[in-house]
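# Coordinate inspection notes
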Amino acid sequence: MTNTQNIFQLLKANIKILLATLIGSAIVAFAASSFIPKKYKSTAVVFPANISQSSEESPTEQLLQFFLSEDIKWQIAKDFKLYENYDIDSTSMEGAKNLFNYAWSENISISPTLYESIEINVKDKDPKLAQKIAQAIIAKTNVMVRESKRKIVQQYYTNSQKVINIQKREIDSLEKIMAQLALSKDENKDVKKILRDKIKATLKAYEKIKVINDTYLLDVDNNNDYVSTVSSPSLADKHCYPIKSIVVAISALFSTLFAALLIIIFKK
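As a starting point, this report considers the structure included with it. Because the structure is predicted, anything quoted here is derived from the model rather than measured. (Residues numbered from 1 in each chain as written. Predicted model: local features only at pLDDT ≥ 70, side-chain atom pairs only at ≥ 80, totals over all residues. Heavy atoms only, no water.)

### Section: the sheet that holds strand β1 (residues 40-48)
The criterion, for reference: For two strands to pair, DSSP has to find at least two bridges joining them. The helix and strand labels rest on DSSP assignments: H or I over at least four residues marks a helix, E over at least two residues marks a strand, and numbering proceeds from the N terminus. Axis lines are fitted to C-alpha atoms, over the contacting stretch for helices. Their N-to-C directions set the angle, which ranges from 0 to 180 degrees. Pairs of residues are marked as contacts when any of their non-hydrogen atoms sit within 4.5 Å.
Across the sheet, which stays open at both edges, the four strands sit in the order β2-β3-β1-β4 with antiparallel pairing between neighbours. Each edge of the open sheet carries a strand with a single partner, namely β2 (108-112) and β4 (227-231). Across this sheet, the average inter-strand angle for adjacent strands is 25 degrees, counted without regard to direction. Judged from the seven bridges that link them, β1 and strand β3 (residues 118-124) form a sheet pairing that is antiparallel. Opposite V46, over in β3, you have I118 as the bridge partner. Across the face of the sheet, helix α6 (residues 96-107) comes into contact with β2 and β3 while running at roughly 60 degrees to β2.

### Things to note about a nonpolar patch on the surface
This is how it is decided: Note on patches: the residues involved have over 30% relative accessible area and no salt bridge, like charges join within 9 Å, and the nonpolar side chains Val, Leu, Ile, Met, Phe, Trp and Tyr join within 5 Å. For the accessible areas, the method is Shrake-Rupley and the probe is 1.4 Å, while residue cover comes only from the protein chains on display. The rule for a salt bridge is simple: a side-chain nitrogen of Lys or Arg has to be within 4 Å of a carboxyl oxygen of Asp or Glu.
A cluster of nonpolar residues, F258, L261, L262, I265 and F266, forms a patch on the protein surface that exposes about 550 Å² of accessible area. Along the polypeptide, L262 turns up in helix α9 (residues 244-267).

### Considerations on the pairing of β3
We apply this condition: Relative accessibility under 20% of the residue-type maximum defines a buried residue, over 50% an exposed one, and the middle range a partly exposed one, all with a 1.4 Å probe and only protein chains included.
The buried fraction of β3 is high, at five of seven residues. Pairing geometry for β2 and β3, over five bridges, is antiparallel. Directly across from P112, in β3, lies its bridge partner I118. Following β2, the chain reverses through five residues before pairing antiparallel with β3; E116 in that reversal takes a positive phi of roughly 65 degrees.

### Quick notes on the packing of helix α4 (residues 70-79) against α6
Pairs of packed helices are described in terms of their axes, by the angle between the two and the distance that separates them. Inclusion rule: Just so you know how the angles are binned, under 35 degrees is roughly parallel, over 145 roughly antiparallel, 65 to 115 roughly perpendicular, and the rest oblique. Residues are sorted three ways: Asp, Glu, Lys and Arg are charged, Ala, Val, Leu, Ile, Met, Phe, Trp, Tyr, Cys and Pro are nonpolar, and all the rest, Gly among them, are polar.
Packing of α4 against α6 leaves a shortest axis separation of 12 Å and a crossing angle of 95 degrees. The orientation of α4 relative to α6 falls into the category roughly perpendicular. Between α4, through K73, W74, I76 and A77, and α6, the contact on the second element is made entirely by K97, F100, N101 and W104. Among the residues forming the contact of α4 with α6, the class breakdown is five nonpolar, one polar and two charged.

Printed below as a string of structure tokens:
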């Protein structure tokens, strides 16, 4: 307790130095924060649309994987020249890709919300550019999902079309045999019954696969949207970084604590 009391008495005796340090560091921090480049944030909220649940993954989880894909990142980087925007020289800087990935994570975040939606936040020195990047991320992800779904459905459509063609040939063959039997003098009632039953069964199967095939065809040719925008990318009218009050408070606090530590060490 005695040591603690001594420390408090020592700090109290040097309160003017501590107050001067507090005020001085706050002024310096406030002035320094004016030179930190300002950033503006564009925020958007989207929901998955026309995406059915697959295995254990929810539609939101499926959509989030597309949003977080490397393809989307590098398309955006190319279209908006983000290497230049982040002052990264990809031709000469060592570890330029890692540096870019860090800059991307610092300026762009895409994450799920508690309500199964996805929030997209983009920060940039230019508020309009931040908004455009957010819009492009949504648009490109929507196209990527559409193309991915279309590619899968195209495979289903091709396979079902093969089955339809086989069934068509089978029905044609059976009908030719029936026509030949109709011209025959022999009754062949049992054979005709078997053929008729076979044709009916094949036609029934054909109708089922035709319905499925037509559905696949619609999906192959569709232009469905898979990203439903709940809140469009905003255009910020004030910067989100730096927050001067936080910069000043942290700088002043640490400077004062450091001054107090020096007083304790050298004047004890």
